Every structure is written in C-alpha cells, then in structure tokens.
Amino acid sequence: MKLQRKSGLRALAVGAVAVSGALMLTACGSDDNTSPGAEGSKAPATSSSSIKCADKGGQLLASGSSAQQNAMDAWVRNYQQACSGAQINYKASSSGEGIVDFNNGTDGFAGSDSPLKPEEVEASKKICTNGTGISIPMVGGPIAIGYNVAGVDNLVLDAPTLAKIFDSKITKWDDAAIKKLNPDAKLPSTKIQTFHRQDESGTTDNLTKYFNGAAKAEWPYEHAKAWAGKGGQSAAKSAGVAAQVKQVNGSIGYFELSYATANSIKTVKIDTGASAPVEATADNASAGIAQAKVVGTGADLSLDMSAAYTTKADNAYPIVLVTYEIACDKGNKAETLPLVKSFLGYTASEEGQSILAEAGYAPLPAEIATKVRATVDALS
C-alpha cells in the first residue's frame, strides 16, 4: 500500500509540473505578436521578487512607439507573471498615434520616440487635471541601418553618404562614395532600394535628427516624424521596414536593433571619424546616449541628444534614440494611477532595465535612470 501511495504521489507531482509547464508555454504563446521583429527576440522572464505590484490590479491601456515593442513585450510578460490581478495592454502603433490616444484620454500612458512638442503638451492639459503631460525616458538603443546586398557582409557608411542614399542622390551600390568607404568589398552595380516608414514615427524623427546634425548639407529637410526624403518605398512600422529589407536584394532601411537581430539582417557600421567604424550594439549605443543632457523643466525629462550625432568618441554609436513614456505629472485618472506607477516603476527599476541589452536595447545611463525613478514615484 505504501509503495502504491508513493507512486501515486510521484505521478501527481509529475503531472503538476507538466501542467505548470504547459501553462507557462500557453502564456508565452498567447502573446499574439505578429511583428516579424519580435520573433525570437523575447527576453527571458526575470525573477519577479522585486516587482512592487499595485494594491489593486485592473486593466491599463497604452499605445505608441513600435520601437520599444520588444522591450514592452518582455516587461508586460514579467509584470503580469508577478502581478496576477493586473492586465497591461500595450498597442504598438507609432509615436504619433500614441500621443493622440493619450491626449484623447484613451491611454494611461503612451510611448514616443521623441519628447512631446509644445502643442502636444498644451493639449495634454485637458486630460491631466491640474497637471500636464511629461516625457519620461525609459528605453534607449541604436537605430540600426539594415541592408541586404548579396555578397557584401561588412559595410561601412558615413552620415553624408547615408543621407544621399536615403534622398536618392546615390542610387547604385558601386557608387564611388560607397567604394571609398569600402575599398575591400566587392560591391555590385545593383540598384539601391531604400525603405522608410509610411507612418509618422519617432524612429524617422531621430534618424533625420542625426542627418541634420551630422550631414546637414546632404539632408536639406528638417527632422520630422513624417518621411521627407525623395524616392524609396514605404512600409508600416519598424517591423514592416525590416521585413522588406530582409526580402529584397539591394535594399537598405532603418529600424531598431532588435528587429535586425530577430530577422538576421546585416547592419551598417558608421564611420564617425573615430579610430574605427562603430557597430550598432547596445553597449555602443549606451556610450552615445550617455552624452545626452536633460533639457526638460519641472518633472519633464526630455533629453537633448545632439552631442551623440556628431561624436567621434571610440565605440560611441551616433544614431541613437530614446523612447519616452508619456504620462501626466499630476491629474492621472484615479482608477489607473496605481497601475501606471507600479508598472513604470518596474520598467525603470534596475531589474526592468537589466533585460534591455538582451532584447537589443540600451539601458538608461545611471544618472538619467535615477531621475526617472524619482519622477515615476512622484506621479499623482
């Protein structure tokens, strides 16, 4: 009888493990992420012991930047695993759409790859009772220049050459300017096919800020979320641009590093004038972001990234972006405020920031992260 009882208990234990494993797999598989950039890029769940859950759960809606989608997916998964009563729904659309949703009162917070404009701040006052919308930096990372050119595995470009390529002034891969930067490469005469975002995008805004800073003579447009360059083809969101570059020989496009990594897309090294061309990596992006200065006032933590665009420091990647979470400094909705503070508190924490590098992003520099945590804690 004892032997049978032990066998039965062992079977129950094995069954419990199997059910637990199945539930974990189901939870991961139920994340309906159809973005090509997100495939294979999910960071593993970290220990949830330090996550401070809101006293009450509930549902929190958010939307915006697709640049941070892979980071947000991992954060949401970890947070909901620790806080069973909470449901965080982040819709990756675009920075522009996220801000519109936030200022319409739809979202508890929004993601944007650029800080709020003055007119957007003014509009937020209708939603933030006795307060205003503020920009809180949360995710850093490089904007990778991905390319697909048969036979070319190592490509170096500089800011003027990139600006001319994306403005259709350089149209063949064996152009003299590209050859000069890649004397040992076997460059084909293939026509260059550029891809850019069709939606208003903070990624586009940050790339064109780089062009404005490092190649003003070659890029005669103001930086903007809407694409202004001549020629090329458009695609929806970072995932769409990455998908096109992966499929089309002779193509080049821009998107966050996580999309390049997930799709095995080769990325351009940037000749900045440093001792060697700089690769798009999380560490190299952090070196660029570390040069940023906080220029926001009050609770706003908007950053000036201009020093990164023209840096010649070794291992400092110059095409960087910071994704901000847009929230009310005061006047947040009472029903969602605890969840907003709890979730953003986790994303800004050491634990939350520690998963970013593995997902292809750059953690915030320590000085900025400290200010972010204090700002999130003071939301009301």
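Residues numbered from 1 in each chain as written. Predicted model: local features only at pLDDT ≥ 70, side-chain atom pairs only at ≥ 80, totals over all residues. Heavy atoms only, no water.

What about the packing of aromatic side chains?
Enumeration according to the criterion identifies 13 aromatic pairs in this entry. Judged by centre distance (6.5 Å) and plane angle (20°), the ring pair of Tyr90 and Phe109 falls under stacked. Linking Tyr90 in strand 2 (residues 86-92) with Phe109 in strand 3 (residues 109-112), this pair joins segments that are 19 residues apart in sequence. Here Tyr90 and Phe109 have matching classes, each one buried. With centroids separated by 6.3 Å and ring planes inclined at 40°, the aromatic side chains of Phe166 and Phe211 adopt a geometry described as tilted. Note that Phe166 is positioned in helix 5 (residues 159-166) and Phe211 in helix 7 (residues 202-214), a separation of 45 residues in sequence. Linked through ring pairs, Phe166, Tyr210, Phe211, Trp219, Tyr221, Trp227, Tyr254 and Tyr309 together constitute an aromatic cluster. (Phe/Tyr/Trp six-rings, centres within 6.5 Å; stacked < 30°, edge-to-face > 60°. Helix = DSSP H or I, 4+ residues; strand = E, 2+ residues; numbered from the N terminus. Buried < 20%, exposed > 50% of the residue type's maximum accessible area, 1.4 Å probe, protein only.)

Things to note about helix 12 (residues 337-348)
For helix 12, with 12 residues, the first-to-last C-alpha span of 16 Å sits near the 16 Å given by 1.5 Å per residue. For helix 12, the buried fraction is high: 9 of the 12 residues fall into the buried class. (Expected span 1.5 Å × (residues − 1).)

A look at the pairing of strand 2
Along strand 2, the buried face is formed by Ala86, Ile88, Tyr90 and Ala92; none of Gln87, Asn89 and Lys91, which line the opposite face, is buried. Read from strand 1 (residues 58-64) through helix 2 (residues 69-82) to strand 2, the crossover connection turns out right-handed. (Right-handed = clockwise from strand over helix to strand, strands pointing away.)

Description of the environment of Phe211
On the basis of relative accessible area, Phe211 is assigned to the buried category, the value being 0%. As a C-alpha pair, Phe211 and Ala159 span 52 residues in sequence and 6.5 Å in three-dimensional space. Ignoring sequence-local partners within four residues, the contact set of Phe211 consists of Ala159, Leu162, Ala163, Phe166, Lys216 and Trp219. (Contact = heavy atoms within 4.5 Å.)

Quick word on the state of the cysteines
With the rule as written, the count across this model stands at 2 disulfides. The residue that forms a disulfide with Cys53 is Cys83, at a sulfur-sulfur distance of 1.9 Å. Taking the sign of the torsion about the S-S bond as the criterion, the disulfide between Cys53 and Cys83, at about -85°, is left-handed. In this pair, Cys53 sits in the loop between helix 1 (2-29) and strand 1 while Cys83 sits in the loop between helix 2 and strand 2, placing the two residues 30 residues apart along the sequence. Residue Cys53 is classed as partly exposed on the basis of its relative accessible area, which comes to 35%. One disulfide in the model links Cys128 with Cys328; its S-S distance is 2.0 Å. Between Cys128 and Cys328, the disulfide has an S-S torsion of -75° and is therefore left-handed. Of this pair, Cys128 sits in the loop between helix 4 (118-124) and strand 4 (133-148) while Cys328 sits in strand 13 (residues 320-328); the two residues are 200 residues apart in sequence, bridging distant segments of the chain. Classification of Cys128 as buried rests on a relative accessible area of 0%. Given a relative accessible area of 3%, Cys328 falls into the buried group. (Disulfide = S-S within 2.5 Å.)

Brief notes about the packing of helix 5 against helix 7
It is the contact of helix 5 with helix 7, at a shortest axis distance of 9 Å, that shows an interaxial angle of 125°. What the angle tells us is that helix 5 and helix 7 run oblique. Note that helix 5 runs across helix 7; the crossing there is left-handed. From helix 5, Ala159, Pro160, Leu162, Ala163 and Phe166 reach across to helix 7, where they touch Tyr210, Phe211 and Ala214. Class assignment for the residues of the contact of helix 5 with helix 7 results in 8 nonpolar, no polar and no charged. (Axes fitted to C-alpha atoms, helices over the stretch in contact; angles between N-to-C directions. Parallel < 35°, antiparallel > 145°, perpendicular 65-115°, else oblique. Left-handed = near helix turned anticlockwise from the far one by under 90°. Nonpolar A, V, L, I, M, F, W, Y, C, P; charged D, E, K, R; others polar.)

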